[in-house]
Amino acid sequence: MGSRYRLMFFITLNDIIIVDDDGFAMRILKRILRRKIHQGESKEKFMYNFISEFMSKDSELLEKFEHRLMNMEDEALHEDDPDFLVTLLRTRKQLLTLRGYYDQISELGKILEEDENHFFKKNQTKYFGTLSDRAERLIGKTVHLIDYAQQVKDIYQSNVANQQNQNMQFLTIMSAIFYPLTLITGWYGMNFEYMKELHWKYGYPLLFGISVLVVGILCIIFKKKKWW
């Protein structure tokens, strides 16, 4: 999204005055002169050409936002980018700014169409209604993209939560497998004097075999249950 500019319009019965500190209005006028043979034979047509030039490339801009969100949707499913959420929120914030911008243009078009001070010809105010309609269509497209950005965010968070659940499930299974071994080692770590296994030469190999057998049985059970 480009830079932000501020314009002030002063409209009288005979004149239209545009106040601009950044030269943006002059660039708009030059673009109109290059693109249109009839730049504005009346005040109404001039205002229509001038304001509509603001939105001349906005359909392309919103299409770029849509493609960006589509790419981010694929990334949300297959990649683990730590900056993904920051980029997505920045994109959504830009779309919210655009929606506010189109709201202002739509409101401006309606105010000009109402023409409370009767500065415009009655049969020419239809141009301003066209501006409002165009702005409303852009608002609808922008709102759709904002909702799409929220859906991408939900997909990303769901994917992250799913990965965390898988990690927790793996850790839980590992704990379940080694808990019996912990119990066995804790039991024999007490070193009771009258435990025959402590003085039996096959005691340690037997204990090792039991431990391996327990782990093997648990692994088979978890595989069959599809918990692992």
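How each quantity is defined
- Numbers given for residues are sequential positions, taken from 1 along each chain in its written order.
- Totals for whole chains, interfaces and linings use all residues, but because this is a predicted model, local features are given only for residues with pLDDT of at least 70 and pairs of side-chain atoms are given and counted only at 80 or more.
- Excluded from the side-chain calculations are hydrogens and water; all other atoms, namely the structure's heavy atoms, are used.
- One bridge is not enough; two strands pair if DSSP finds at least two bridges between them.
- The way it works is that DSSP assigns letters per residue, a run of H or I at least four long becomes a helix, a run of E at least two long becomes a strand, and they are numbered from the N terminus.
- What is meant by a nonpolar core is a set of buried Ala, Val, Leu, Ile, Met, Phe, Trp, Tyr and Cys residues, joined one to another through side-chain atoms within 4.5 Å.
- The buried label goes to any residue with under 20% of its type's maximum accessible area, the exposed label to any with over 50%, and the partly exposed label to all in between, with areas taken from a 1.4 Å probe on protein chains only.
- For this analysis, residues touch if any pair of their heavy atoms sits within 4.5 Å.
- Throughout this description, the term salt bridge denotes a Lys or Arg side-chain nitrogen within 4 Å of a carboxyl oxygen of Asp or Glu.
- In this analysis, a patch consists of residues with relative accessible area above 30% that form no salt bridge, clustered at 9 Å for like charges and at 5 Å for the nonpolar side chains Val, Leu, Ile, Met, Phe, Trp and Tyr.
- Accessible surface area values rest on a Shrake-Rupley calculation with a 1.4 Å probe, where residue burial reflects the displayed protein chains alone.
- Positive charge is attributed to Lys and Arg, negative charge to Asp and Glu, and no charge count is given to His or to the chain ends.
- Taken as the charge location is NZ of Lys, CZ of Arg, CG of Asp or CD of Glu.
- Side-chain rings of Phe, Tyr and Trp (the six-membered ring for Trp) are treated as a pair once their centres are within 6.5 Å; stacked means planes under 30 degrees apart, edge-to-face means over 60, and tilted covers the remaining angles.
- Only Lys NZ and Arg CZ are tested; either one counts as a charge over a ring when it is within 6 Å of the ring centre and within 35 degrees of the ring normal.
- Under this scheme, a helix contributes an axis fitted over its contacting stretch, all axes are lines through C-alpha atoms, and angles between N-to-C directions fall in the 0 to 180 degree range.
- For classification, angles of less than 35 degrees are called roughly parallel, those exceeding 145 degrees roughly antiparallel, those between 65 and 115 degrees roughly perpendicular, and all remaining angles oblique.
- Should the near helix be turned anticlockwise from the far one by less than a right angle, the crossing is termed left-handed; should it be turned clockwise, right-handed.
- Residues are sorted three ways: Asp, Glu, Lys and Arg are charged, Ala, Val, Leu, Ile, Met, Phe, Trp, Tyr, Cys and Pro are nonpolar, and all the rest, Gly among them, are polar.

**As for the pairing of strand β1 (residues 8-11)**
For a regular strand, the rule is simple: side chains alternate between the two faces of the sheet.
And then number 1: Strand direction decides the pairing type here: β1 and strand β2 (residues 16-19), joined by 4 bridges, are antiparallel. If you follow Phe9 over to β2, its bridge partner there is Ile18.
And then number 2: Following β1, the chain reverses through 4 residues before pairing antiparallel with β2.

**Re the nonpolar core**
And then number 1: Counting residues in each nonpolar core, the largest one holds 34 residues, and the members touching the most others are Ile51, Phe54, Leu69 and Leu95.
And then number 2: Where this core is concerned, the elements lending two or more residues are α1 (24-35), α2 (43-54), α3 (58-78), α4 (84-114) and α5 (126-188).
And then number 3: With 11 residues, the top contributor of residues to this core is α5.
And then number 4: With near-sequence residues (within four places) excluded, Leu95 lies in contact with Leu62, Phe65, Leu69, Thr142, Leu145 and Ile146.
And then number 5: Of all hydrophobic cores here, the second largest spans 5 residues; its members include Ile173, Ile177, Val215 and Leu218.

**Observations regarding the pattern of salt bridges**
And then number 1: In this structure the tally under the stated criterion is 3 salt bridges.
And then number 2: Lys141 is paired through a salt bridge with Glu66; the nearest N and O atoms lie 3.1 Å apart. On the criterion of sequence distance, the pair formed by Lys141 in helix α5 and Glu66 in helix α3 is long-range, its members being 75 residues apart.
And then number 3: We classify Lys141 as partly exposed; its relative accessible area is 28%.
And then number 4: Since its relative accessible area comes to 22%, Glu66 is described here as partly exposed.
And then number 5: Between Glu136 and Lys110 there is a salt bridge, with its nearest N and O atoms 3.8 Å apart. Residue Glu136 is found in helix α5, and its partner Lys110 is found in helix α4; the two are separated by 26 residues along the sequence.
And then number 6: The exposure class of Glu136 is partly exposed, given its relative accessible area of 37%.

**Let's talk about a negative patch on the surface**
And then number 1: Side chains of Asp103, Glu107, Glu113, Glu114, Glu116 and Asp133 sit close together on the surface and give a patch of like negative charge.
And then number 2: Here the negative patch gets 4 residues from one element, more than from any other, and that element is α4.
And then number 3: Since its relative accessible area comes to 54%, Glu114 is described here as exposed.

**Quick notes on the packing of aromatic side chains**
Ring pairs (aromatic) are described by centroid distance and by the angle formed between their planes.
And then number 1: All chains considered together, the criterion is met by 8 aromatic pairs.
And then number 2: Note on Phe24 and Phe54: the rings are 5.8 Å apart at their centroids and 35° apart in plane angle, and the pair reads as tilted. Pair noted here: Phe24 is in helix α1 and Phe54 is in helix α2, with a separation of 30 residues, a long-range link. With respect to burial, Phe24 and Phe54 carry one shared label: buried.
And then number 3: The ring of Tyr127 has Lys126 lying over it, and the distance from NZ or CZ to the ring centre is 5.9 Å.

**Comments concerning the side chain of Thr125**
And then number 1: Mapped onto the elements of the fold, Thr125 is located in the loop between α4 and α5.
And then number 2: Not counting residues up to four positions away in its chain, the partners in contact with Thr125 are Leu112, Glu113, Asp115 and Phe120.

**Details of the packing of α3 against α4**
And then number 1: Where α3 contacts α4, the two axes come as close as 11 Å, and the packing angle between them is 155°. Regarding the angle of α3 to α4, the classification is roughly antiparallel. Here the hand of the crossing between α3 and α4 comes out left-handed. Of the residues in α4, those touching α3 at Asp58, Leu61, Leu62, Phe65, Arg68, Leu69, Met72, Glu75 and Ala76 are Phe84, Thr87, Leu88, Thr91, Gln94, Leu95, Leu98, Tyr101 and Tyr102.
And then number 2: Residues belonging to the contact of α3 with α4 are distributed by class as follows: 12 nonpolar, 3 polar and 3 charged.

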